[in-house]
Amino acid sequence: MDVWLIAGILFKILVVVGISQGAVAYLILVERKIAAYAQDRIGPNRCGREVRLPFGLLQPIADGAKMLLKEDVIPSYVNKPLYILAPAIAIIAATIGFAVVPFGPVGPSAPTALGAPFQFQIAPGVDVGIVYVFAVGSLGVYAVVLAGWASNNKYAFLGGLRSSAQLISYEVPLGLSILGMVLIARSLDLNKIIEWQDRNVWGIFIQPIGFLLFLISSFAETNRLPFDLPESEQELVGGFHTEYSAMKFGMFFLGEYLNIITTSYLVVILFLGGWDLPFLNAGQTGWLPAFLKAFVLLGKVGAIVVFIMWVRWTLPRFRYDQLMDLAWKTMIPLAILNLVATAIVVQYAWGH
Amino acid sequence: MTVSLADPMFRAIVGVVLGALGTFLLLPHRLGAAPTWARSLSGVLLSVLSIAFLASLWQVPASAFNAIFFFAFAAAAITASVLMITSRDPVHSALWFAAVVLATSGLFLLAGASFLAAGTVIVYAGAIIVTFLFVIMLAQQQGRAVYDRAARAPLLTAVTCFLILGGLVYSLLSLKVEHAEAGHGLVRPIDRVAIEHPTSPNRQVLNRSVSPTARLNEPARVSPTETVPEVAGLGASLFTDHLISVEVAGFLLFVALVACLAIATPKPPKRPAVNITPTEVPI
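Let me begin by describing the structure that accompanies this report. Only a predicted model underlies this, so the values are computations on that prediction, with no experimental measurement involved.

Observations concerning the overall build of chain A
For chain A, the helix and strand inventory stands at 12 helices and two strands. When the elements of chain A are put in sequence order from the N terminus, they spell out α-α-α-β-β-α-α-α-α-α-α-α-α-α. Its C-alpha atoms give chain A principal-axis dimensions of roughly 60 × 50 × 45 Å. The 352 residues of chain A split such that 52% are buried. For chain A, the proportion of contacts with a sequence separation of at least 24, taken over those separated by at least 6, is 77%.

Quick look at the structure:
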């Protein structure tokens, strides 16, 4: 029984890691296409023409081959162990966060296979799911900081310093913004939060401020524009990854996009009802509703990802002091107010 | 009282004493002088002996998986902490510290304390050590200075640390002897029901080490078969049994915060008082 359990978990890890890495490859294509439309261009459209595939659908393969086959330069002046460790941390920290993210129905509504319920989650039943995601996410800082320091280059170093300050600052509103939702759903387990939203109402309607704060801080946590100060090309050449080439640079890229996927999953699970739609609810078991729920979840995640990419071409980058003011003087006080107000309502108005 | 090597308490005492001696010999000199070979070698030998004595007290956890993970995390934590102390580069030290924190939270996780594990990673690895790195990187120290290589009071340090270790091992061992017949080992993966049970070793350690400081109202007792969500249980215990401790800790942190602000606020630059006579000062 133990063997089957472990085999099942390994299978799920394989599928989730495989799909997410493949998704990242196509997200890069999507990003380039959206960038092209935003700038009134066509974007990549040649790859795959030979086999009659539209929209440059084979572009990710070409991009991946380029990353792998380019010359891997390690400058002589870098701190070699840390220089090599940094991209590895980026990709590991981004990948292991998926362990507690439900990508379909989990718990009582899970379909059964071989007599046991098949949970759409690598590690089901983790009480502190959301805290685990934050813990793993907070390790991602090391990748940027170490890359900046080990490169022994002033642009990279400045990028690393900016980044560590930015990531630490925005972790505070990120953590505070979800607490309202946690108080209302009375659980840190992501599945219980989805079930609560399925029974009642989506989180975005009951915690609009929390949603907004979470979305903004997750832009900052994933280093996306308008918060891409660690790499800002016009000021710092390439920021923390100036000295990286070939697949080591590719690994930072991969880590960043994996973070975007995780963040989008969290936004959807916490505030957009997870797999919940008016005709889908926790009572439906079986494989068809299960896959339907997984696809609904995936669709919502895709919409959030596209939104994140769209924002990149809409808003200009913040100045550094504006960035810090936004986090410490606006978002953290707002998040605390939201938390206190929610706590009062939950305690006294709902009489839990 | 007979003394033999079969007595775990005797082995524990020998292990702790040898460890203290070995560590004292390994610690750098008070003035930063280079240690001799004989001193270092005997220090290493004594420390290895001490670890062997203490290791003979371990019991292998019931499940093989737990055993593998436990020994992997424990070995990682000890190795990383030795490397953290011995590495010359402060940045490497900070990173080994992060490794220690990660390995320790792995051990917390095995003991069923998942919130503690995640919280430790967030607070230590995710915030405090990053701040250390931030400062170290800005200061660009290389750790070559004499005051970095010297130990201020090696003897006192070794004695104090191993007194604490001795106390810890003693309390755990006396517990193990009482419950040997019940099949509870020193190291055992635990589920929450087992922790809540009033005669479980964990509950006993808890009762001995952390006595309640305050109690607002009688906390709702859970029956041994019922599981409460871990975080809710932790919060309930903190804010009923240990309210005063929590408030005192919070107050201390708040005072420290105010002090930080007082120190960090930039003061107006002082003008050189050389050429200023009272008549020249603008009003």
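With respect to the interface of chain B and chain A
With 27 residues of chain B at the contact, the number on the chain A side is 23 residues. Across the chain B to chain A interface the summed buried area is about 2,000 Å²; carbon plus sulfur atoms make up 79%. Counting every contact that joins chain B to chain A gives zero salt bridges. Inspection of the region where chain B meets chain A yields one residue pair in polar contact (both at pLDDT 80 or more). Listing elements by their share of the side of chain B that touches chain A, those giving two or more residues are α4 (90–110), α5 (114–139) and α10 (230–240) of chain B. Broken down by element, the side of chain B that touches chain A gets its largest block of residues, 15 residues, from α5 of chain B. For the side of chain B that touches chain A, the class distribution of residues is 19 nonpolar, five polar and three charged.

Description of the packing of aromatic side chains
All names here are of chain A. Taken as a whole, this structure holds 11 aromatic pairs over all chains when the rule is applied. Considering the side-chain rings of Tyr 244 and Phe 252, the 5.0 Å spacing of their centres and the 85° angle between planes classify their relative orientation as edge-to-face. Pair check on accessibility: Tyr 244 and Phe 252 agree, each one buried. Measuring from ring centre to ring centre gives 5.5 Å for Phe 253 and Tyr 257, while their planes differ by 40°; the resulting arrangement is tilted. Separated by four residues within a single helix, Phe 253 and Tyr 257 lie in helix α10 (residues 246–271), roughly one turn from each other. On the basis of relative accessible area, Tyr 257 is assigned to the buried category, the value being 3%. Ring pairing ties together the aromatic residues Tyr 83, Tyr 244 and Phe 252, which thus form one cluster. Taking the ring centre of Tyr 155 as reference, the NZ or CZ of Lys 154 above it sits at 6.0 Å. Its guanidinium or amino end placed over the ring of Trp 275, Lys 293 lies 4.5 Å from that ring's centre, counting from NZ or CZ.

A look at the nonpolar core
Taken as a class, soluble globular proteins show a tendency for nonpolar side chains to be buried jointly. By size, the foremost hydrophobic cluster in this structure holds 102 residues, and its most contacted members are Ile 130, Tyr 142, Phe 214, Phe 252, Tyr 265 and Leu 270 of chain A together with Leu 133 of chain B. With 15 residues, the top contributor of residues to this core is helix α4 (residues 129–150) of chain A. For Tyr 142 of chain A, the contacting residues outside a window of four places in its chain are Ile 89 and Ala 147 of chain A together with Leu 95, Ala 98, Ala 125, Ile 129, Val 130 and Leu 133 of chain B. With eight residues, the next largest nonpolar core counts Val 16, Ala 20, Val 169 and Leu 173 of chain B among its residues.

What to know about unusual backbone geometry
Residues and elements named next belong to chain A. One non-glycine residue, Asp 40, lies in positive phi territory at about 60°. Take Asp 40: it is sitting in the loop between α1 (2–38) and α2 (59–69). Positive phi, normally seen in glycine, also occurs at Ala 246, with a value near 50°. Relative to the helices and strands, Ala 246 is located in helix α10.

So, the pattern of salt bridges
Residues and elements named next belong to chain A. Within the structure shown, the criterion is met by five salt bridges over all chains. Here Glu 31 makes a salt bridge to Arg 312, at a shortest N to O gap of 3.2 Å. Of this pair, Glu 31 sits in helix α1 while Arg 312 sits in helix α11 (residues 287–312), and the two are 281 residues apart along the sequence. A salt bridge links Asp 321 to Arg 319; the nearest nitrogen and oxygen atoms lie 2.9 Å apart.

Definitions and limits used
Residues numbered from 1 in each chain as written. Chains lettered and ligands numbered in written order. Predicted model: local features only at pLDDT ≥ 70, side-chain atom pairs only at ≥ 80, totals over all residues. Heavy atoms only, no water. Helix = DSSP H or I, 4+ residues; strand = E, 2+ residues; numbered from the N terminus. Buried < 20%, exposed > 50% of the residue type's maximum accessible area, 1.4 Å probe, protein only. Contact = heavy atoms within 4.5 Å. Buried area = accessible area lost by both parts, 1.4 Å probe. Salt bridge = Lys/Arg side-chain N within 4 Å of Asp/Glu carboxyl O. Polar contact = N/O pair within 3.5 Å; in protein donor to acceptor, adjacent residues only side chain to side chain. Nonpolar A, V, L, I, M, F, W, Y, C, P; charged D, E, K, R; others polar. Phe/Tyr/Trp six-rings, centres within 6.5 Å; stacked < 30°, edge-to-face > 60°. Lys NZ or Arg CZ within 6 Å of the ring centre and 35° of its normal. Core = buried A, V, L, I, M, F, W, Y, C linked by side-chain atoms within 4.5 Å.

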